[in-house]
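Coordinate analysis (summary)
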Amino acid sequence: MNRVSIRIRFRVSSTLAALLLALSTLLVSGAPPARAALDPKFDPSKLTIPKLHPIPAFKPTRYVMPNGIVVFLLEDHSLPTVSLSIASRASSLWDPKEKTGLSGITGVVMRSGGTATHSGDWLDDRLAAIGASIQTSIGVDVATGSFWCLTENTGEVLGLFADVLRRPAFPEDKIELSRVGARREIASRNDEMLNVLRRVATQAVYGKDSPEGRTTEYATVEAIQRDDLVKCHAQAFQPNRMFLTVYGDFKSADMKKLLATTLADWKGSGVPAPKIPEPVTSTTKRLVFAPKDDVTQAGIVLAEPGFKMLEPDYPEMDILEQALGGGFQSRLFNIIRTQRGLAYAAGAVSGAGYMRPGVFQAYSLTKSESTMVALDLLRSEVVRATREPFTEDETRIARDSQLNSLVFQFEQPSQVLARMASYEMAGYPADFLQRYQSGVEATTPASMLAAAKRHIHPDAQVVIIVGKEKDFDRPLDAMGLSVERVDITIPPPPSKTATLGAATPQQLARGKALLAKAADKAGGSAAWAAVKSLSMEQEATVSMQGQSIQLGMTMVWKLPDRMVITQKLPMGEMTQGFDGTNGWMKGFGRLQDLPASGIASFKRQYLTSMFHLFGHPEDLEVRALEEPRVVDGTSYQVAAVKSDDVRDWTLLFAPDGSLARMERQSENPQMPGLELTIYDDWRAVGTLRYPHVEKVVVGGQPFMEGKVASLKLNPELDEAQFKKPAQ
C-alpha cells in the first residue's frame, strides 16, 4: 500500500555516543577524566573541510538475457560472499479491492512456503546451516527477491532461489500463518499515533477507496485464497519486467553460465501487467479529523500532492525538507519544540516520490491541550517557507547535512549498483545520482524559495488531526474550514454466526434450554445472579513462543465492570485496573493508562463470564446448532451466541449438560486466532459450582493453564481500589 511517509529524524553521532560511554565509565570507576594538552595555537574555527568527493560512477557488466531479464554484474573479491537482487515492475496497488493485502501475503508465502521440491521449513534449516539467506516481497512499486551467501555456496543457493522465484508452492498452512500475521497488524494498527496519522493523511489526500488509500481488513484477509496467490505471483514476477544485480566474489563469465542455467529458460506466464489508474488527489482545503479518545496527545499534518524525483526541483526541495523539518536544526523542530516546548516531534517531508508523486507533509505531535496552537505554528512556518528565503546559515547546514549523508548511503559499490538497476527500471538517467549531488551543491536560498513556490500551496493543503477532541484548546470549527470526520475503528471480520441467518424459534428455545441445564448443573441461575463481587487467587502457567513461565494472579471484581488484576511475574509485579470507565496499568516503575484495546478486554470479561451466561441468560440470544461436534471421541452440543462485542462466540456442552468449552476469536493482537477455553474440576463454592481448572488454547497452541487456589464470593470491596493510583 502507498502510505504518506512521516519521517522523524533523530540522528546521534556515533562519536558522541562513544564519548558519553567513556565518560560514564570513568565516573563509575571514580577516575577523573584526563585533560588533553591542547596546542595554544590551535583554532578549530580555521579548520579546512575538503569538498565531498563525487559519487563514484561504476561501470558494471550489463546484458539482457533472451527472456528479457536485464542483468548487472559487478565483481568485488575483497570478501568471499555473493549477493543477488532481482526487482520486477509490479505493485500491490494491483490487488483487488475486496482482497487488499494479497500482494503482501503472496510475497511472504513465496519464501515461507517453499517450493514443490523443498518445503519452507527445509529451506530454513538448509540456509541456516550454510549461513545464507533468501527473501522475497511485493511492495507498492516493485516485487523483489534476493539472496546472500558465501562464495562456495553460490551455485546451490542460486538454484534454491530460482526455484522459489519461479515455482513457489503456496501451502495452505503457511498461507494461514501469514493471514495470522496480517490479522495481528490489523488488530494493532490503531495503537500507535504515527501509524494512525499516516493512514488518515494518505486517505485524506488520495481518497479512502482509491488504491493508494485502501487498508487491509479482516474481511479482505479472509477472502484471500491460494488461487489468488498463484495469480498474484504470475502477475508480479515476469522475466521481461525484471532487473537483476549480482555483486561480490565471482567471475562474470561463470556467473553468466549459472544465470543461464537457472533463469534463461524462464518464459513467465505472459500475464500482462494490470493498469493502475492515475491517482485522483484532493486539492480541497478542509480539515479531516479522526477521533482517538485513548490518547493524551494529538497528531497534526498539513498535506498536499507532491512530485516525482525526476523533477528539476528535487535537489532544492530535498534541502528545503532538511531546513524546514529534517532534524534538530530545522525550523519546525526549533520553533515548535525547542522554543515553545509544544511538540514531542515535528518535521516535514518534501513530497518527492520515486515511482509516482509523493505527498508533501508538515507534521507535529503535541499534547492535546496545545493542538490548535501547534497547528497555527505549523501553518505559519509552511507559509513562511513559500514567501521568504531561508537564511544562508540554514541553507548551508541543511545542504551539508544532506551531502554528508550521501557518504553513508553510497559508501559501498553494491549500493550504487543497486541504484543503477533501479534507475533503469524506473526510467531515470544512469547518472541521476551525480546530477542530484551537483544539484544539491548548487542549491541557494533563492533557488529553494523558487522551488517552494512551485510545489507548496498552503491554500490547497488538507489539515489532518487525530486525537481527543474534548481536550483541544479550541473547537475544530474555529479554523473556519469544513470539518470532515472519519471513523478509524477496525471493522470486525465476517462473523461465522452472521452466515447463519435469522434464528428460528426452535433454535432459540433449544439454545435457552441448553444454557439453563448448564446453569442448573453449576448450582442454578439464581445462585449465579446473587454474586455481586468476588476475590480469587490463581496459579497459572503461560506458554508463548516455546517458553513457559509460572505466575500467581489475584483478582478482585465488583460485578459487572470494576476489576483489579495483579500478576506476580518472575521479573516483578504487574497490576491492571478498570473502574467502569477508565483503565490503568502499573508495574516495573511505570503507571500509565490502558489503551482502548485493554479497556475493551476488561469489558469482555463480564460479557463472556458465567456470571453473565448463567446469572443473566435473558440478556443473550443463544441458538442451538443442528450438528453436534465430536472432539477426542466426545460429542458436544453446540450453541452460537449473538454478540456485537465478541466475535464467533460458541458454547460447547458436554453429554451431561455441563458447559465444557467456550470458543471465540481472540482479540489479542499478539495472538490472533480462535481462542478456546476448556473448563474442568468443578467444585462447590457456597451454593454454586465453579470450574477450578481452565485451559486456554489460542490458534491451536496451548497458551495458559490456570488453577484456582481460593475463591470468595460477595466480599466487601472498597470502591477506591479500582481507581487509578496517584503514582
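Bear in mind the structure is a predicted one, so any value in this text is a computation, not a measurement. Note on numbering: residues in each chain are counted from 1, in written sequence order. Thresholds applied to this predicted model are a pLDDT of at least 70 for local features of residues and 80 or more for the giving and counting of side-chain atom pairs; totals over whole chains, interfaces and linings are not thresholded and use all residues. Hydrogens and water are ignored here; the side-chain numbers use all heavy atoms of the structure.

1. Quick word on the overall build of the chain
Summing up its helical and strand segments, the chain has 20 helices and 28 strands in all. Expressed as a percentage of its 727 residues, the buried residues of the chain come to 49%. Should any heavy atoms of two residues lie within 4.5 Å, those residues are counted as being in contact. Considering only intrachain contacts with a sequence separation of at least 6, the fraction spanning at least 24 residues in the chain is 70%. Split by element, the accessible area of the chain, about 35400 Å² in all, is 54% carbon and sulfur. By the criteria applied, helices consist of DSSP H or I runs no shorter than four residues and strands consist of E runs no shorter than two, each listed in order from the N terminus. Under the scheme applied here, a residue whose accessible area is under 20% of the maximum for its type counts as buried, over 50% as exposed, and between as partly exposed, the area being computed with a 1.4 Å probe on protein chains only. Accessible areas in this description were obtained via Shrake-Rupley with a 1.4 Å probe; residue shielding takes into account the shown protein chains only.

2. A short note on helix α15 (residues 432–441)
F432, L433, Y436, Q437, G439 and V440 are the residues of α15 that are buried. Projected onto a plane normal to the axis of α15, the buried residues spread over an arc of 160° and lie on a single side. Where α15 is buried, its residues contact α10 (314–325), α13 (392–409) and α14 (413–426). As used here, the arc is the angular range of directions from the helix axis to the C-beta atoms.

3. Details of the pattern of salt bridges
Between Lys or Arg on one side and Asp or Glu on the other, a salt bridge is scored when a side-chain nitrogen of the former is within 4 Å of a carboxyl oxygen of the latter. Overall, the coordinates contain 32 salt bridges when judged by the stated rule. Residues R384 and E388 are paired through a salt bridge, measuring 3.1 Å at the closest nitrogen-oxygen approach. In this structure, R629 engages E663 in a salt bridge whose closest nitrogen and oxygen atoms are separated by 2.7 Å. Of this pair, R629 sits in strand β22 (residues 629–631) while E663 is found in strand β25 (residues 659–665), placing the two residues 34 residues apart along the sequence. Overlapping salt bridges bring together K558, D561, R562 and E719 as one network.

4. Some details on the environment of D376
Secondary-structure assignment places D376 in helix α12 (residues 371–387). Measuring from C-alpha to C-alpha, the distance between D376 and M479 comes to 9.6 Å, with 103 residues separating the pair along the chain.

5. So, the sheet that holds strand β3 (residues 81–89)
The pairing criterion is simple: DSSP has to find at least two bridges between the two strands. Strand order in this open sheet of six strands is β1-β2-β6-β3-β5-β4, and the pairing throughout is mixed. A strand with exactly one partner marks an edge of an open sheet, and here the two such strands are β1 (61–64) and β4 (133–138). Between one strand axis and the next, the sheet turns by 10° as a mean value, whatever way the strands run. Judged from the six bridges that link them, strand β2 (residues 70–75) and strand β6 (residues 242–248) form a sheet pairing that is parallel. Within β6, the residue paired with V70 across the bridge is F243. All axes are obtained by fitting lines to C-alpha atoms, using only the stretch in contact for helices, and the reported angles, taken between N-to-C directions, cover 0 to 180 degrees.

6. Re the environment of L258
Looking at the secondary structure, you find L258 in helix α9 (residues 252–263). For the pair formed by L258 and T154, sequence separation is 104 residues and the distance between their alpha carbons is 9.1 Å. Contact partners of L258, with chain neighbours within four places excluded, come to T154, G155 and L158.

7. Some remarks on the side chain of E675
Locating E675 in the fold gives a position in strand β26 (residues 674–685). In this structure, E675 is in contact with M662, E663, R664, S666, V696, V697 and V698, ignoring residues within four places of it in sequence.

8. Notes on unusual backbone geometry
Cis peptide bonds are those with omega within 30 degrees of zero, and the linkage from L559 to P560 qualifies with 5°. As for its position among the elements, P560 is in the loop between β16 (547–558) and β17 (562–569). Within the chain, F588 stands out as a residue other than glycine whose phi angle is a positive 55°.

9. A few points about the environment of V205
Within the secondary structure, V205 sits in helix α6 (residues 193–206). In this structure, the C-alpha to C-alpha distance between V205 and P305, residues 100 residues apart in sequence, is 6.9 Å.

10. Observations regarding the packing of α13 against α15
Where α13 meets α15, the axes come as close as 10 Å, and the angle between the chain directions of the two elements is 155°. The angle between α13 and α15 falls in the class roughly antiparallel. Viewed along their axes, α13 and α15 form a crossing whose handedness is left-handed. Along its contact with α13, which presents R399, Q402, L403 and L406, the element α15 presents Y436, Q437, V440 and E441. Throughout, the ten residues Ala, Val, Leu, Ile, Met, Phe, Trp, Tyr, Cys and Pro are labelled nonpolar, Asp, Glu, Lys and Arg are labelled charged, and all others, Gly among them, are labelled polar. Partitioned by chemical class, the residues of the contact of α13 with α15 number four nonpolar, two polar and two charged. What sets the label is the angle itself: under 35 degrees gives roughly parallel, over 145 gives roughly antiparallel, 65 to 115 gives roughly perpendicular, and the rest give oblique. It is the rotation of the near helix from the far one that decides the hand of a crossing: anticlockwise by less than a right angle makes it left-handed, clockwise makes it right-handed.

11. Description of the packing of aromatic side chains
Any Phe, Tyr or Trp ring, taking Trp's six-membered ring, that has another such ring centre within 6.5 Å forms a pair; planes under 30 degrees apart are called stacked, those over 60 apart edge-to-face, and the others tilted. In total, this model carries 16 aromatic pairs according to the counting rule given. Through a chain of ring-to-ring contacts, the aromatic side chains of Y314, Y354, Y423, Y428, F432 and Y436 assemble into a single cluster. It is K256 that lies over the ring of Y63; its NZ or CZ is 4.9 Å from the centre. Charges are assigned to positions over rings by a cutoff of 6 Å between ring centre and Lys NZ or Arg CZ, combined with an angular limit of 35 degrees from the ring normal.

12. Digging into the sheet that holds strand β14 (residues 483–485)
Here we have six strands laid out as an open sheet, ordered β10-β12-β8-β13-β7-β14, and mixed in their pairing. Only two strands of the sheet have a single partner each, and these edge strands are β10 (343–349) and β14. Between one strand and the next, the sheet's axes are offset by a mean angle of 15°, whatever the strand orientation.

13. Re the nonpolar core
Nonpolar cores are built from buried Ala, Val, Leu, Ile, Met, Phe, Trp, Tyr and Cys residues. Side-chain atoms within 4.5 Å join them into one set. Ranked by internal contacts, the top residues of the largest apolar core, which has 53 residues, are F611, L613, F614, W649, L651, L659 and Y690. Sequence-distant contacts of L651, defined by excluding residues within four places in its chain, comprise L515, L613, Q637, V638, A639, V641, L659, R661 and M662.

14. Regarding helix α16 (residues 445–455)
Looking at α16, one finds that the buried residues are P445, S447, M448, L449, A451, A452 and H455. Those residues of α16 hidden inside the fold are in contact with β8 (297–305), β9 (307–308), α10, α12 and α13.

15. With respect to the confidence of the model for the chain
One confidence number per residue, pLDDT, is output by the predictor and ranges from 0 to 100. Of all residues in the chain, 89% attain a pLDDT of 70 or more, and the chain-wide mean is 87. Residue range residues 1–36 is modelled with pLDDT below 50. Its contacts to residues more than four positions away, or to other chains, number 53 contacts.

16. Section: the pairing of β8
For β8, the tally of buried residues reaches seven of nine residues, placing the bulk of the element in the interior. Here nine bridges tie β8 to strand β12 (residues 359–367), and the two strands are oriented antiparallel to one another. Paired with G299 across the bridge in β12 is L365. Summarising the sheet, β8 and strand β13 (residues 462–467) pair through five bridges and their orientation is antiparallel. Bridging from a neighbouring strand, A303 pairs with V462 of β13.

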